[in-house]
Amino acid sequence: IALMSHDASPLKKELLASNLCSEAFLSIDDEVSEVPISFIFKGVLEKNNLKLENLLFNSIKKIGNEGIPNTSLDLALHQMEFSRLEILKDDSPHGLNLFFRTCLLKQHKGDPVESLSLHSLFKDLRKKIKDKLYVKKILNKYIISNKHRASISLLPNPKLEEKELKAEHALLKKLEKGITKEKKLQIKKNAKQLTSLQEKEENLDVLPKASLKDVSSTPKSYSLKKERKNLYLRKTFTNKILYSTLL
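Remember, it's a predicted structure, so these values are computed and weren't measured experimentally.

Thresholds applied
Residues numbered from 1 in each chain as written. Predicted model: local features only at pLDDT ≥ 70, side-chain atom pairs only at ≥ 80, totals over all residues. Heavy atoms only, no water. Patch = residues over 30% accessible without salt bridge, like charges linked within 9 Å, V, L, I, M, F, W, Y side chains within 5 Å. Areas by Shrake-Rupley, 256 points an atom, 1.4 Å probe, with all protein chains shown as cover. Salt bridge = Lys/Arg side-chain N within 4 Å of Asp/Glu carboxyl O. Helix = DSSP H or I, 4+ residues; strand = E, 2+ residues; numbered from the N terminus. Buried < 20%, exposed > 50% of the residue type's maximum accessible area, 1.4 Å probe, protein only. Axes fitted to C-alpha atoms, helices over the stretch in contact; angles between N-to-C directions. Parallel < 35°, antiparallel > 145°, perpendicular 65-115°, else oblique. Left-handed = near helix turned anticlockwise from the far one by under 90°. Contact = heavy atoms within 4.5 Å. Nonpolar A, V, L, I, M, F, W, Y, C, P; charged D, E, K, R; others polar.

Take a nonpolar patch on the surface next. A surface patch of nonpolar side chains, amounting to about 410 Å² of accessible area, comprises Ile28, Val35, Ile37, Ile138 and Tyr142. Here Ile138 is to be found in helix 6 (residues 132-144). When its relative accessible area of 32% is taken as the criterion, Ile138 is described as partly exposed.

As a packed pair, helix 2 (residues 49-66) and helix 6 sit with axes 8 Å apart at the nearest point and diverge in direction by 160°. Looking at the two axes, helix 2 sits roughly antiparallel to helix 6. Considering the relative orientation of helix 2 and helix 6, their crossing is left-handed. Residue-level contacts link Phe57, Ile60, Lys61, Gly64 and Asn65 of helix 2 to Lys136, Leu139, Ile143 and Ile144 of helix 6. Partitioning the contact of helix 2 with helix 6 into residue classes produces five nonpolar, two polar and two charged.

Time to look at the pattern of salt bridges. Tallying each qualifying case throughout the model produces five salt bridges. Across the pair Asp7 and Lys12 runs a salt bridge, and its minimum N-O distance is 3.6 Å. Taking relative accessible area as the criterion, Lys12 reaches 10% and is therefore assigned buried. Arg126 serves as the salt-bridge partner of Glu81, at 2.7 Å between the closest nitrogen and oxygen. Here Glu81, found in helix 3 (residues 70-85), pairs with Arg126, found in helix 5 (residues 118-128); they are 45 residues apart in sequence, far enough to count as distant. A relative accessible area of 14% means that Glu81 is categorised as buried.

So this is what it looks like as structure tokens:
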């Protein structure tokens, strides 16, 4: 996050300023045993692949030697912590999300308790980043000196669609030669049945649905306790996150 979260981040700023790429992203999957770190670049000319790769590693070395400002590290850590602690009303209940988080870690032979011990883990991490050499060691170990890496280039082919259509037509002609007359009639029959089935009007009443009658017309009320002048408080579990409304 401290390296690539926005255009002014030290690493992303260096990469974009080179004009070797139009966009740059960093992706990390931290829920598997061998965590992959992916740098993704767009708008790169094929002849500039090696230049961009060299710039990437030289920039990381430079950042490691010069260090990242403590404010940037604190902000990045706070963002990570908040995203892990906040209880969101998304597609799944919070308890189920916690289960999936621990389950994935268990599948990769990790300690599932670690994915739940967030407060102690972030407290420990805050102590570690106070050491100015800590970030340099991490960058050197997991990126610069890590030889388990691969560079993959995806090049656009303007004739790809035409090539695939020709291959598809050739395959269909080859298959057609080996099909009997009876088989062809059966294929046409199946196609008509499929078209008829797709055009048939479905009974939508069998699907679960909600109407305005299912929505309460009265808003949910939360009791507030007056702590002092112009300050009202409601105590509830928020994973140590304070939410406030200032008027």
